[in-house]
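What the coordinates show
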Amino acid sequence: MSEHNDDAEKEKKSNEEAANSSSEQEEVEHSDMEKIRKYLAQMLRLSDSSNYDEQSQQRVLRELSIDGVVDYIKENENCKIITMAGAGISTSAGIPDFRSPSSGLYHNLEKYNLPHPQAIFELDFFMENPEPFFTLARELLPEGFKPTPCHYFIRLLWEKGLLLRHYTQNIDTLERMAGLPPEKLVEAHGTFHTGRCLKCRAPYTLSWMKEKIMEGVVPKCEECNEGVVKPDIVFFGEMLPERFHFLADRDFAQADLLIIMGSSLVVQPFASLVDRVRSNCPRLLINKEKVGMQDRLSRLLGLRHGLIFDTRSSHGGRDVAWLGDCDTGCQLLAEKLGWGDELKELVKKEHERLSAETNAETSKD
Ligand code: CNA
């Protein structure tokens, strides 16, 4: 009996030791994972969801709809709005986006014979073979394109004193053309507006580059006669402009409303900006499809929450998805805010002005 007890005692002890050592190991693994997660969050400048305050989640919109957002804007006289945009706000101007099935650029790159579609925007590939990029640039260059009603809605937000900042991934310069002042604009992926020699860094203007690109030649630097002149757009493998990091650190913490339009929200670090507003800041998505929800890798690493349209979730109650065309969504918003006619008038007046300018330039040539 006592032998039996001894054996049972020994087994219990050894089980306890095993359990302790496995929980110690789990703790070490957990802390290692935690370190990796924090390191990644820091390196990628992603939002760290361990700092996310679940308790502060409260219902900030009367209803989770565009009407709820409109009431919220009307009730917050000095509402500070950040708008975030992607290629979808320019498709109605005639500029294709990347990822839309059949019309997106990624589906139409076969003619360039690329190793993979993204290569056209990769710096290493560009250094070796700049022709495909400049062939594509002829299609993308802001030649005769006019800003869309969505662009002018953003301008109206600024004119009404409600726009804290507009963050765009677009390189088409349509926000500038729509009259948004440069200080209100963050061109996160750079712009076609200016360019630089890759060898001697000599600066070039859009009109200089445009002339070469339209002639079908790769623009070569006239200073050093060697380097290729690359528009100041951010390629994969390049850093985002310092202005993006500096202003994002400052702006997102003070925004009262975030409006995201025409983006698949897949390109980082831009996509995770949605996590950088306060936890009680409503977020409105105007897009053809629902995007920006947490993906599996982020969930595994505990890195970002993304947009949460599921109202049953503990984080729910502030995100609204309005699915459809950006221009229609913006016109609807404007109407509900009482600016419907003003927006239509602004688009008409500005489009007439731009057409007159183009006609004057053509007749000069
Ligand atoms: P994307 O990945 O192509 O996604 C576009 C998103 O917009 C998709 O979710 C579409 O469903 C949606 N969409 C398309 N048209 C409309 C519309 N009319 N109304 C509502 N939703 C619409 O583009 P992202 O901007 O998210 O990807 C980031 C890339 C794209 C950036 O690096 C840009 O530089 C790059 N890009 C820019 C332009 C431009 O400057 N106009 C054009 C093509 C690509």
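Fair warning: this is a prediction, and the values are worked out from it, not measured in the lab.

A closer look at the site of the ligand
As a structural note, the neighbourhood of the ligand is formed by 28 residues, with Phe98, Arg99, His189, Ser264 and Glu289 the closest of them. The contact in question runs from a nitrogen atom of the ligand to an N or O atom on the backbone of lysine 288, over 3.1 Å. When the ligand is considered free in solution it has 860 Å² of accessible area, and contact with the protein chains removes 95% of it. Its residues placed into classes, the shell around the ligand shows nine nonpolar, 13 polar and six charged. Of the residues that make up the shell around the ligand, three or more belong to each of domain 1 (62–95 + 147–189 + 240–365) and domain 2 (96–141 + 191–233).

Comments concerning the environment of cysteine 281
Following the sequence through the fold, cysteine 281 ends up in the loop between strand E7 (257–261) and strand E8 (283–287). Take cysteine 281: its relative accessible area is 1%, and that puts it in the buried class. In sequence terms cysteine 281 and leucine 258 are 23 residues apart; their C-alpha atoms lie 7.2 Å from each other.

A word on the packing of helix H5 (residues 149–159) against helix H10 (residues 326–336)
It is the contact of H5 with H10, at a shortest axis distance of 8 Å, that shows an interaxial angle of 35°. Here the hand of the crossing between H5 and H10 comes out left-handed. Every residue of H10 that contacts H5 at Pro149, Cys150 and Phe153 is listed here: Cys326, Asp327, Cys330, Leu333 and Ala334.

Re helix H8 (residues 242–251)
Those residues of H8 that sit buried are Phe244, His245, Leu247, Ala248 and Asp251. Where H8 is buried, its residues meet strand E1 (81–85), strand E2 (163–168) and strand E3 (185–187).

Remarks on the packing of aromatic side chains
Under the definition given, this model contains twelve aromatic pairs. Relative to phenylalanine 133, the ring of phenylalanine 126 has its centre 5.6 Å away and its plane inclined at 80°; by these criteria the two rings are edge-to-face. You can call phenylalanine 126 buried: its relative accessible area is 2%. Chaining the aromatic ring pairs together yields one cluster made of Phe121, Phe126, Phe133, Phe134, Phe192 and Phe235. The aromatic ring of phenylalanine 235 is capped on one face by lysine 230, whose charged end is 4.6 Å from the ring centroid.

Section: the sheet that holds E1
Strand order across the open sheet formed by six strands is E3-E2-E1-E7-E8-E9, with parallel pairing between neighbours. Where the open sheet ends on each side, the last strands, each with one partner, are E3 and strand E9 (319–323). Geometrically, the sheet is characterised by an average inter-axis angle of 15° between neighbouring strands, direction not taken into account. By the bridge criterion, five bridges tie E1 to E2 in an arrangement that is parallel. Note on E2: the bridge partner recorded for isoleucine 82 is arginine 165.

Things to note about the state of the cysteines
Structurally, a disulfide amounts to a covalent bond that connects the sulfur atoms of two cysteines. This structure, assessed with the given rule, holds zero disulfides. With no disulfide partner, cysteine 224 has as its closest neighbouring cysteine sulfur the one in cysteine 197, 3.7 Å distant. No disulfide involves cysteine 330; its sulfur sits 3.7 Å from that of cysteine 150, the nearest cysteine. Accessibility expressed as a relative area gives 0% for cysteine 330, which makes it buried.

Description of the pattern of salt bridges
On inspection of all chains with the given rule, the structure shows 20 salt bridges. Between glutamate 350 and arginine 155 there is a salt bridge, and its shortest N-O distance comes to 3.7 Å. One end of the pair, glutamate 350, is in helix H11 (residues 340–364); the other, arginine 155, is in helix H5, with 195 residues separating them in the sequence. We note that glutamate 350, like arginine 155, is buried. Salt bridges sharing common partners tie together Arg155, Glu159, Glu350, Arg353 and Glu357.

Thresholds, definitions, all that
Residues numbered from 1 in each chain as written. Predicted model: local features only at pLDDT ≥ 70, side-chain atom pairs only at ≥ 80, totals over all residues. Heavy atoms only, no water. Near = heavy atom within 4 Å. Polar contact = N/O pair within 3.5 Å; in protein donor to acceptor, adjacent residues only side chain to side chain. Areas by Shrake-Rupley, 256 points an atom, 1.4 Å probe, with all protein chains shown as cover. Nonpolar A, V, L, I, M, F, W, Y, C, P; charged D, E, K, R; others polar. Domains from an automatic or database assignment. Helix = DSSP H or I, 4+ residues; strand = E, 2+ residues; numbered from the N terminus. Buried < 20%, exposed > 50% of the residue type's maximum accessible area, 1.4 Å probe, protein only. Axes fitted to C-alpha atoms, helices over the stretch in contact; angles between N-to-C directions. Left-handed = near helix turned anticlockwise from the far one by under 90°. Contact = heavy atoms within 4.5 Å. Phe/Tyr/Trp six-rings, centres within 6.5 Å; stacked < 30°, edge-to-face > 60°. Lys NZ or Arg CZ within 6 Å of the ring centre and 35° of its normal. Pairing = 2+ DSSP bridges. Disulfide = S-S within 2.5 Å. Salt bridge = Lys/Arg side-chain N within 4 Å of Asp/Glu carboxyl O.

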